[in-house]
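Single-letter residue listing:
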Amino acid sequence: ILNFVLDAVVPVRMPSNHLAYFLAEIGKMPSSIRVIFVLDYQNASSSDIDYSKSGPKNVSFIRGEFGAPGLARNAALSHLGAPYVCFWDIDDRPLFHETLMVIEKMKQDGAQVGIGNWAYHDLPKSPKGVLPLDVGSSPGIWRFVFKRELIQDLEFESFKWGEDQLFLT
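Quick notes on the rules
Residues numbered from 1 in each chain as written. Predicted model: local features only at pLDDT ≥ 70, side-chain atom pairs only at ≥ 80, totals over all residues. Heavy atoms only, no water. Helix = DSSP H or I, 4+ residues; strand = E, 2+ residues; numbered from the N terminus. Expected span 1.5 Å × (residues − 1). Buried < 20%, exposed > 50% of the residue type's maximum accessible area, 1.4 Å probe, protein only. Arc of directions from axis to C-beta. Contact = heavy atoms within 4.5 Å. Core = buried A, V, L, I, M, F, W, Y, C linked by side-chain atoms within 4.5 Å. Polar contact = N/O pair within 3.5 Å; in protein donor to acceptor, adjacent residues only side chain to side chain. Pairing = 2+ DSSP bridges. Right-handed = clockwise from strand over helix to strand, strands pointing away. Phe/Tyr/Trp six-rings, centres within 6.5 Å; stacked < 30°, edge-to-face > 60°. Axes fitted to C-alpha atoms, helices over the stretch in contact; angles between N-to-C directions.

J.: Any chance you could explain helix 3 (residues 96-109) here in plain terms?
T.: One turn of the α-helix equals 3.6 residues, which is why residues spaced by three or four share an orientation. Compared with an ideal rise of 1.5 Å per residue, which puts 14 residues at 20 Å, helix 3 spans 20 Å between its outermost C-alpha atoms and is within 8% of the ideal. Residues of helix 3 that are buried include every one of Phe96, Thr99, Leu100, Val102, Ile103 and Met106, and no others. Projection of helix 3 onto a plane perpendicular to its axis shows the buried side chains occupying an angular sector of 150°, all on one side. Opposite its buried face, helix 3 presents the exposed residues Met101 and Gln108, each directed more than 90 degrees away. Summarising the contacts, the buried residues of helix 3 are in contact with strand 1 (6-13), helix 1 (19-25), strand 2 (33-40), strand 4 (84-87), strand 5 (113-115) and strand 6 (144-147). Gly110 occupies a position one or two residues after helix 3 and carries a positive phi of about 70°.

Structure representation (structure tokens):
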């Protein structure tokens, strides 16, 4: 059985132009991270594309018709097994090693939540910081890492947007 340090939940509204890019990034991912893609086929004309069992052992797919990113994320919550979890968006550029460094710092400090930097694709040298004002003005859930126990009784709401902000609150 594989023991992952981090489960990264990624909702994907199908069809997605971003999925192939994200899957290509997986080759750079440490084996201690598992990505759980939640494929939402509610608005797709076909679900014939088979993203399934033949990929790396640290990638899994959940398929369904969810209709909102929060509901797709909720579908993955019962599949979490790693001690840490994060929620990335399909159009994010995952920073695997930096995320693992946040987890190491969380372990050292006994923290239940870690917050990392993030930057726009076209402005990688201008990251949004982790000071309170930086996080308050840009609190995207993709920059947070949680101890799984902290969020085990939480679920996302069914809103089309803003469900991540409510979850953080």
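J.: How should the nonpolar core be read in this particular structure?
T.: The nonpolar side chains of a soluble globular protein tend to be buried with one another. Core analysis: the largest hydrophobic core is formed by 26 residues, its most contacted members being Val10, Val12, Phe22, Val35, Phe37, Trp88 and Val145. With five residues, helix 3 is the largest single contributor of residues to this core. Ignoring any residue separated from it by four or fewer positions in sequence, one finds Val10 in contact with Phe22, Val35, Ile36, Phe37, Val38, Trp88, Asp89 and Ile90. Counting residues in each nonpolar core, the second largest holds 17 residues, with Val9, Val38, Ala72 and Val85 among its members.

J.: Can you walk me through the side chain of Asp89 in this structure?
T.: Position of Asp89 relative to the elements: it lies in the loop between strand 4 and helix 3. There is a polar contact of 3.0 Å between the side chain of Asp89 and the side chain of Arg73. In this view, Asp89 contacts Val10, Phe22, Arg73 and Trp142; residues no more than four positions away in its chain are not counted.

J.: Can you walk me through the pairing of strand 1 in this structure?
T.: Residues in a regular strand point their side chains to alternate faces of the sheet. Extensive coverage of strand 1 is indicated by the burial of seven of its eight residues. The pairing of strand 1 with strand 2 spans eight bridges and is classified as parallel. By the bridge assignment, Asp7 is partnered in strand 2 with Arg34. As a crossover connection, the stretch from strand 1 through helix 1 into strand 2 is right-handed. Sheet topology places strand 1 next to strand 4; four bridges connect them, and they run parallel. Bridged to Asp7 within strand 4 is Val85.

J.: Help me understand the packing of aromatic side chains, please; the structure alone is not making it clear to me.
T.: By convention here, two paired aromatic rings are described through the distance between centres and the angle between planes. In total, this model carries six aromatic pairs according to the counting rule given. When the ring of Phe22 is compared with that of Trp88, the centres are 6.5 Å apart and the planes differ by 40°; the resulting orientation is tilted. With Phe22 in helix 1 and Trp88 in the loop between strand 4 and helix 3, this residue pair connects regions lying 66 residues apart in the sequence. Grouping aromatic residues by their ring pairs yields a cluster made of Phe22, Phe37, Phe61, Trp88 and Phe96.

J.: Which parts of the structure should I look at to understand the sheet that holds strand 4?
T.: The strands making up a sheet associate through hydrogen bonds between their backbones, and the pairing can be parallel or antiparallel. Read across the open sheet, the six strands follow the order 3-2-1-4-6-5; overall the sheet is mixed. Only two strands of the sheet have a single partner each, and these edge strands are strand 3 (59-64) and strand 5. Strand-to-strand twist of the sheet, defined as the mean angle between neighbouring strand axes without regard to direction, takes the value 20°. The pairing of strand 5 with strand 6 spans three bridges and is antiparallel. Opposite Ile115, over in strand 6, you have Phe144 as the bridge partner. Docked against the sheet, helix 2 (residues 69-77) engages strand 1, strand 2, strand 3 and strand 4, running at close to 140° with respect to strand 1. Contacts between helix 3 and the sheet are confined to strand 1, strand 2, strand 4, strand 5 and strand 6, with strand 6 contributing the most and set at about 45° to the helix.

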